[in-house]
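These are the residues of each chain, in order.
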Amino acid sequence: MKRFYLSDLDKTLLRSDMSVGAYTRRVWNEAAARGERLSVATARSLTGVRGLLEGVRMQEPMILLDGVLIARIDGEILKVAALEKEIADEIIETGRKVAGMEPLLVGMDAQSQEHFVYPRRLNGCQKDLLATFHNKRRVLDADPLRAMERNLKIVYTESEKVTAELEEAIRERFGDAVETKRSADPYIDCWFLTVLHPEGDKAHALASLERIEGVDRAHTTVFGDSHNDLGLFAVAGRKIAVANAIDELKAKADLVLPRSNDEEAVAHFLAEELGLQSTPQPRAL
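Below you will find a few notes about this structure. Computed from a predicted structure; not experimentally measured.

1. A closer look at the pairing of strand β2 (residues 37-40)
The side chains of a regular strand alternate, first on one face of the sheet and then on the other. Here β2 shows a buried face lined by Arg 37 and Ser 39 and a second buried face lined by Leu 38 and Val 40. As paired elements, strand β1 (residues 4-7) and β2 share 4 bridges and run parallel to each other. Each residue of the ladder has a partner; that of Ser 7, found in β2, is Val 40.

2. Describing empty space enclosed by the protein
Scanning the model with the defined rule gives 1 cavity of 30 Å³ or more in all. In this structure, the largest cavity occupies an estimated 60 Å³ of space. Lining the largest cavity are Leu 104, Tyr 118, Pro 119, Leu 122, Gln 126, Leu 129, Leu 130, Val 155 and Thr 157. Of all elements in the fold, only α5 (124-131) and β10 (150-158) reach the threshold of two or more residues within the lining of the largest cavity. Of the residues assigned to the lining of the largest cavity, the class counts are 7 nonpolar, 2 polar and no charged.

3. Remarks on the packing of aromatic side chains
For the structure on display, the rule yields 1 aromatic pair. Consider the rings of Phe 223 and Phe 269, whose centres lie 5.6 Å apart with planes at 70 degrees: the pair is edge-to-face. You can see Phe 223 sitting in strand β13 (residues 220-224) and its partner Phe 269 sitting in helix α10 (residues 265-274), a full 46 residues away along the chain. For the residue pair Phe 223 and Phe 269, the accessibility class agrees, reading buried in each case. Residue placement shows Arg 173 over the ring face of Phe 174; its charged tip is 4.6 Å from the ring centre.

4. Remarks on α10
The buried fraction of α10 amounts to 8 of the 10 residues, a majority that puts the element mostly inside the structure. Listing the buried residues of α10 in full gives Ala 265, Val 266, Ala 267, His 268, Phe 269, Leu 270, Ala 271 and Leu 274. Within two residues after α10, Gly 275 carries a phi angle of roughly 65 degrees, on the positive side.

5. Notes on the sheet that holds strand β4 (residues 69-71)
Within the open sheet, the 3 strands sit side by side as β3-β4-β5. Their pairing is antiparallel. The sheet is open, and its two borders are formed by β3 (62-64) and β5 (77-80), each paired with just one other strand. Taken pair by pair, the neighbouring strands of this sheet meet at an average axis angle of 20 degrees, ignoring direction.

6. Things to note about the side chain of Lys 239
Relative to the elements of secondary structure, Lys 239 occurs in strand β14 (residues 238-241). With a relative accessible area of 14%, Lys 239 lands in the buried category. Not counting residues up to four positions away in its chain, the partners in contact with Lys 239 are Val 222, Phe 233, Lys 252, Ala 253, Asp 254 and Leu 255.

7. Considerations on the environment of His 197
If you trace the backbone, His 197 turns up in the loop between β12 (191-196) and α7 (202-213). Residues His 197 and Lys 153 lie 44 residues apart in sequence; the distance between their C-alpha atoms is 8.1 Å. Discounting residues that sit within four places of it in the chain, His 197 has contacts with Ala 81, Ala 82, Leu 83 and Glu 179. A distance of 3.0 Å separates the side chain of His 197 from the backbone nitrogen of Glu 199, its partner in a polar contact.

8. Section: the packing of helix α2 (residues 22-33) against α10
Packing of α2 against α10 brings their axes to within 9 Å, and their N-to-C directions diverge by 35 degrees. Here α2 and α10 pass one another in a crossing that is left-handed. Residues Tyr 23, Thr 24, Val 27 and Ala 31 of α2 form the contact with α10, whose own contacting residues are Ala 267, His 268, Leu 270, Ala 271 and Leu 274. Broken down by class, the residue content of the contact of α2 with α10 amounts to 7 nonpolar, 2 polar and no charged.

9. Looking at the sheet that holds β13
The strand order β2-β1-β13-β14-β15 describes an open sheet built from 5 strands, whose pairing is parallel. The sheet is open, and its two edges are formed by β2 and β15 (255-256), each paired on a single side. Where α7 meets the sheet, its contacts fall on β1, β2 and β13, and the angle it forms with β1 comes to roughly 145 degrees.

10. Some thoughts on the pattern of salt bridges
The final tally for this structure, using the stated rule, is 19 salt bridges. Note that Asp 8 is salt-bridged to Lys 202, the shortest N-O span being 3.4 Å. Of this pair, Asp 8 sits in the loop between β1 and α1 (9-13) while Lys 202 sits in helix α7, and the two are 194 residues apart along the sequence. Side by side, Asp 8 and Lys 202 carry an identical accessibility label, which is buried. Among the salt bridges present, the one from Asp 10 reaches Arg 44, with a minimum N-O distance of 2.9 Å. Taken together, the residues Asp 10 in helix α1 and Arg 44 in the loop between β2 and α3 (46-52) connect sequence positions 34 residues apart. Each member of the pair, Asp 10 together with Arg 44, is buried. Three or more residues joined by partner-sharing salt bridges are found here, namely Asp 8, Lys 202 and Asp 229.

Parameters and conventions
- Residues numbered from 1 in each chain as written.
- Predicted model: local features only at pLDDT ≥ 70, side-chain atom pairs only at ≥ 80, totals over all residues.
- Heavy atoms only, no water.
- Buried < 20%, exposed > 50% of the residue type's maximum accessible area, 1.4 Å probe, protein only.
- Helix = DSSP H or I, 4+ residues; strand = E, 2+ residues; numbered from the N terminus.
- Pairing = 2+ DSSP bridges.
- 1 Å grid on protein atoms, 1.4 Å probe; cavity = no way out; pocket = protein on both sides within 12 Å on 5 of 7 lines; lining within 4 Å.
- Points joined across faces, edges and corners; volume = space filled by probe spheres on them.
- Nonpolar A, V, L, I, M, F, W, Y, C, P; charged D, E, K, R; others polar.
- Phe/Tyr/Trp six-rings, centres within 6.5 Å; stacked < 30°, edge-to-face > 60°.
- Lys NZ or Arg CZ within 6 Å of the ring centre and 35° of its normal.
- Axes fitted to C-alpha atoms, helices over the stretch in contact; angles between N-to-C directions.
- Contact = heavy atoms within 4.5 Å.
- Polar contact = N/O pair within 3.5 Å; in protein donor to acceptor, adjacent residues only side chain to side chain.
- Left-handed = near helix turned anticlockwise from the far one by under 90°.
- Salt bridge = Lys/Arg side-chain N within 4 Å of Asp/Glu carboxyl O.

This is the structure we're talking about:
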C-alpha cells in the first residue's frame, strides 16, 4: 500500500511569505504525476487554498478549516462538521460578555458556498488578519454580528491572555458540545481561539480521510509546525516536524527535518524518500 502524505500549509509547506517555492511545486507535481498520494491539512478555506496552491497538482481530497471540511480542489464536498445557528449565536454572545468582542465567522450556504462574516467593529488583530486573506467572499454583517445556518468556524483573535480567558469561559459554558483550538498566529503578534463542531478538528478529519482514501493509519505521514497540528500528530502513523516547528510539536515527532519551511523542507524529504528526479535547491547559508 502506498503511503498517504499530508502536509500543513502555513510555515510548513508554504514559505514564510505564503508562497509555494519553485522546488516544492516541481517535487509535488512530479510525485502526483507518478501516482503518489499527497494532500494538505490546513486552517485555510477552499477558496484560500486554491489561490495559494495555484499551479500545484492536487489530486487527493484536502482537510480544510482545521478539519471542519474535507473537499476536493474542484469544490466537491465530502464531509462537513458545522455548528448550528443556535449554539453559534450563544458562543458569539459569550464572547461579547467575557471579552467584549465579536468573532470572524466562516459559514456555508445551501449551495455549499463559503461565506466570511466579520464584525463592523474590528480590533487590531482582526484588521491585521483580514489583510492576509486570500478569500474574497467577505460579507460585512449588520450590527450586531449573527451566526449563519451552518457555521464552520468561529474565530477570535486577540492576545494570548484574552484568548485563554475566553477559551476557559466557552469550555465551561458549552463543554463537549464544541471543540476549541488556541494557537499563536504564524504571521502577526496575536493568538487565535477557534471554536468548532466537536468533530471538526484535524484528528477527526484525518480518520475520515483515511476511510475515504482507503488508507490505514500506519501508512499515513503528516508534516506540521504548530499547535493546530498536535491533533494530527496524536493519530497519524508517522509524524514529521519542520525545523522551524514549535518545541511541543517537535517533542511528539518521529522525525524533525534539518530544513525549515523557507528551505522547502517537505519537498526535500519527499524527493529523497520517493526517489524523485527534481533538482534540489542548495541550502541557505
